[in-house]
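Chain and residue survey
Chain by chain, the residues run as shown.
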Amino acid sequence: MSLNPQYEDIGKGFVQQYYAIFDDPANRANVVNFYSANDSFMTFEGHQIQGAPKILEKVQSLSFQKINRVITTVDSQPTFDGGVLINVLGRLQTDEDQPHAYIQTFVLKPVGGSFFVQHDIFRLSLHDV
């Protein structure tokens, strides 16, 4: 495969779609549809997870209901297999907690005429001073 020239549009469109589903408590479990049953990896605050069923367990274990999210920037790069590397920088507030900066990185892997999330790394930007 070759580099996907539409990587910027794919990255921004994916981020909009992903967070629209994730940030809605009634639909949050549907983010599992972005992941592969076996070939997806997630690191959530340092906790490593593999496969859509385990990722769904993690998503369903999150106790917050309300998310207020501000996306600062979405940076995307093409990968050599036709996929897209996406880096999201933003700020989020869950329920009545303090807002925190966060970073989330995705690797979208092409499959057929679509993509799945092969890698997902999420980390709040907390600094112990």
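About the criteria used
- Residues numbered from 1 in each chain as written.
- Predicted model: local features only at pLDDT ≥ 70, side-chain atom pairs only at ≥ 80, totals over all residues.
- Heavy atoms only, no water.
- UniProt positions renumbered as here; feature names shortened; annotations may be inferred.
- Helix = DSSP H or I, 4+ residues; strand = E, 2+ residues; numbered from the N terminus.
- Rg over C-alpha atoms; globule rule 2.2 N^0.38 Å.
- Contact = heavy atoms within 4.5 Å.
- Areas by Shrake-Rupley, 256 points an atom, 1.4 Å probe, with all protein chains shown as cover.
- Lys, Arg positive; Asp, Glu negative; His and termini not counted.
- Charge placed at Lys NZ, Arg CZ, Asp CG, Glu CD.

By the naming in an unreviewed UniProt entry, the protein chain goes by Nuclear transport factor 2 and is assigned to Drosophila gunungcola. Per UniProt, the protein chain has the following entry under Function (unreviewed entry): "Has a role in nuclear-cytoplasmic transport of proteins and mRNAs."

Each helix and strand counted, the protein chain has two helices and six strands in total. Shown N-terminal to C-terminal, the secondary structure of the protein chain runs as helices and strands in the order α-β-β-α-β-β-β-β. For a compact globule of 129 residues, the expected C-alpha radius of gyration is about 14 Å, and the protein chain comes in at 15 Å, within 12% of that figure. Summarising its shape, the C-alpha atoms of the protein chain cover approximately 45 × 30 × 30 Å along the three principal directions. Look at the contacts in the protein chain between residues 6 or more apart in sequence, and 49% of them connect residues 24 or more apart. Only carbon and sulfur atoms are counted for the fraction: they give 51% of the accessible area of the protein chain, which is about 7600 Å². Of the side-chain charges in the protein chain, 9 are positive and 14 negative, and the distance between the mean point of each set is 2 Å.

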